[in-house]
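So you can see what is in the structure, the chains are spelled out below.
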Amino acid sequence: MSQANKSIQEKTEQLTKLVAWFDGDDFSIEEALSKYKIAEKLAEEIESDLLTLKNEINIVKNKFDSEK
Amino acid sequence: MEKSINPQPLYSVSDFIAVMNQTLEFAYPSVEIEGEIASFKVNQEKFVFFDIKDSAGSIGCFMTIWQLRVPIEDGMRVVVSAVPKLTQWGKFSLTIKSIRPSGEGALKKSFELLKIKLEKEGLFAPERKRQIPTLPQHIAVISSTGAAGYADFIKILNDRWGGLKVDVANVQIQGQGSPDQIIRAINFFNQQEKLPELIIIIRGGGSADDLSTFNDELLVRAIAGSRIPTLVGVGHETDQSLADMVADVRASTPSNAAVIIVPDKNEIIRNSKMYIDSLVPRIAQAIDQQKTEIKSQLTIILQKIENTVDEHLISIINLKNILMQLNPNTVLDRGYAIVRGLIKKGLTIEIETNKAILEAEVKNVTSK
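Residues numbered from 1 in each chain as written. Chains lettered and ligands numbered in written order. Predicted model: local features only at pLDDT ≥ 70, side-chain atom pairs only at ≥ 80, totals over all residues. Heavy atoms only, no water.

Draft legend 1. Spotlight on the overall build of chain A. When you go through chain A residue by residue, the secondary structure sums to 2 helices and 1 strand. Ordered by position in the sequence, the α and β elements of chain A form the string α-α-β. When burial is assessed residue by residue, chain A has 31% of its 68 residues classed as buried. When contacts within chain A are restricted to residue pairs at least 6 apart in sequence, those whose partners lie at least 24 apart make up 65%. For chain A, the computed accessible surface area is about 4,700 Å², with 50% contributed by carbon and sulfur atoms. (Helix = DSSP H or I, 4+ residues; strand = E, 2+ residues; numbered from the N terminus. Buried < 20%, exposed > 50% of the residue type's maximum accessible area, 1.4 Å probe, protein only. Contact = heavy atoms within 4.5 Å. Areas by Shrake-Rupley, 256 points an atom, 1.4 Å probe, with all protein chains shown as cover.)

Okay, here's the thing in structure tokens:
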């Protein structure tokens, strides 16, 4: 689960970089379409990952009502 | 105990005191008494003595300084949990197990006294505050799992984010013994082999007395001493506790604690979509720009071709004019004639004008 979270973070960072490329000096029409497709796929993956992931809640078994 | 012929038992003084203490212990193993503090003093920085009194009575009390979890001073209204005891000098006293301020005034006073003390020690200093992880993967929650504040926290957490490992210590969050339970939970998480990245202590709103748990000196010190960064969200927006103040980050409510810890996944999804949508006009704009540039370059090229063609046309016209000037017919048109044949007296020659070709005889030749 934690790994998946890391992956979302990585994907979000990658998407941010891709979007920044479109506003940067390196922008070229030749590459724009392939980069757009990658960005679109990343956004879809981020959405799917975020909607699928559930928190893992674990109530610890230790009792805290007395010194042990 | 000495034997006696008297049916009544004969005690030594110390035996009698012991019997009295046994009787008291049997009848009142523990009592809670509310009253006002008087003659408060600490001896040898270890032993605490005071009287608890009301308008009609007063009882001496004893406890050790380590049991004193909140600051106490004369005039403060308190509830003591104690064991009644007869001392070896025959004096009746209460051995205090715990003491807590009672009533809003006393709670406030106690809060202020402890706040000043801890502030002097630098426990609330901003430079002590640690940053909490931006996107933790493993967190520890200390709360009562049956409390509304805990339910709010978990709901908001689940609504906002997924994939977190959440270890929950279910503890009492109000009343006697609650600070110790929370301290044990803090210690428990701090002793784990794989430490959580953040400890979150939460409870919803309550009365000043309910929330006084979070003004316990040992609890405040345990939060300060945690090697795991801490976030405390206790009560409502307006409530302030010493636990809040000592924590690395304070949340105004349990729900706010969840908001601080994790980003909102729905917002991230919205932003991702917005990013993608913003790229289409960006590409269209770039294509338009490229088209305009190509158009302008084509115009320049066409202009250059036109200019070259014009230059060549002019040259051709000039050449044509020259050629026309050089055309013999043009010369003949101007009245000249071409003479063919040997120019010798008596010989016949051919003369061509613009209109006719003549045969003529040379009558005379004179040199110029």
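Draft legend 2. Spatial organisation of the pairing of strand β2 (residues 47–54) of chain B. Residues and elements named next belong to chain B. Sheet analysis places strand β1 (residues 31–43) next to β2, joined by 6 bridges and oriented antiparallel. Within β2, the residue paired with Lys41 across the bridge is Phe49. The turn joining β1 and β2, which pair antiparallel and follow one another in sequence, is formed by 3 residues; a positive phi near 55° is taken by Gln44. Bridge count for β2 against strand β3 (residues 57–64) is 8 bridges, and the pairing is antiparallel. Across the sheet, residue Val48 finds its bridge partner in β3, namely Met63. In this antiparallel pair of consecutive strands, β2 and β3, the connection spans 2 residues. (Pairing = 2+ DSSP bridges.)

Draft legend 3. How the structure looks around the pairing of strand β9 (residues 230–234) of chain B. All names here are of chain B. In terms of burial, β9 is a largely internal element, 5 of the 5 residues being buried. Burial of β9 is two-sided: the residues Thr230, Val232 and Val234 facing one way and the residues Leu231 and Gly233 facing the other way are all buried. Sheet topology places strand β8 (residues 198–203) next to β9; 5 bridges connect them, and they run parallel. Bridge pairing links Ile201 to Val232 in β9. Taken together, the 3 bridges between β9 and strand β10 (residues 249–251) define a ladder with parallel strand orientation. Note that in β10 the partner of Gly233 across the bridge is Ala251.

Draft legend 4. Region of interest: the packing of aromatic side chains. Tallying each qualifying case throughout the model produces 9 aromatic pairs over all chains. An angle of 55° between the planes, with centres 5.7 Å apart, marks the rings of Tyr11(B) and Phe16(B) as tilted. Of the residues examined, Tyr11(B) reaches a relative accessible area of 32% and is grouped as partly exposed. Its relative accessible area of 37% is what places Phe16(B) among the partly exposed residues. Ring pairing ties together the aromatic residues Trp21(A), Phe22(A) and Phe27(A), which thus form one cluster. Sitting over the face of the ring of Phe27(A), Arg282(B) holds its NZ or CZ atom 4.2 Å from the ring centroid. (Phe/Tyr/Trp six-rings, centres within 6.5 Å; stacked < 30°, edge-to-face > 60°. Lys NZ or Arg CZ within 6 Å of the ring centre and 35° of its normal.)

Draft legend 5. Summary view of the sheet that holds strand β7 (residues 165–170) of chain B. With parallel pairing, the 6 strands of this open sheet are ordered in space as β1(A)-β7(B)-β6(B)-β8(B)-β9(B)-β10(B). Lying at the two open borders of the sheet, with one neighbouring strand each, are β1 (56–59) of chain A together with β10 of chain B. Averaged over neighbouring strand pairs, the angle between their axes works out to 20° when direction is ignored. Direction of pairing for β1(A) relative to β7(B): parallel, over a ladder of 4 bridges. Bridged to Glu56(A) within β7(B) is Lys165(B). In the packing of helix α4 (residues 178–190) of chain B onto the sheet, contacts are made with β6 (138–143), β7 and β8 of chain B, and the angle to β6(B) comes to roughly 165°. (Axes fitted to C-alpha atoms, helices over the stretch in contact; angles between N-to-C directions.)

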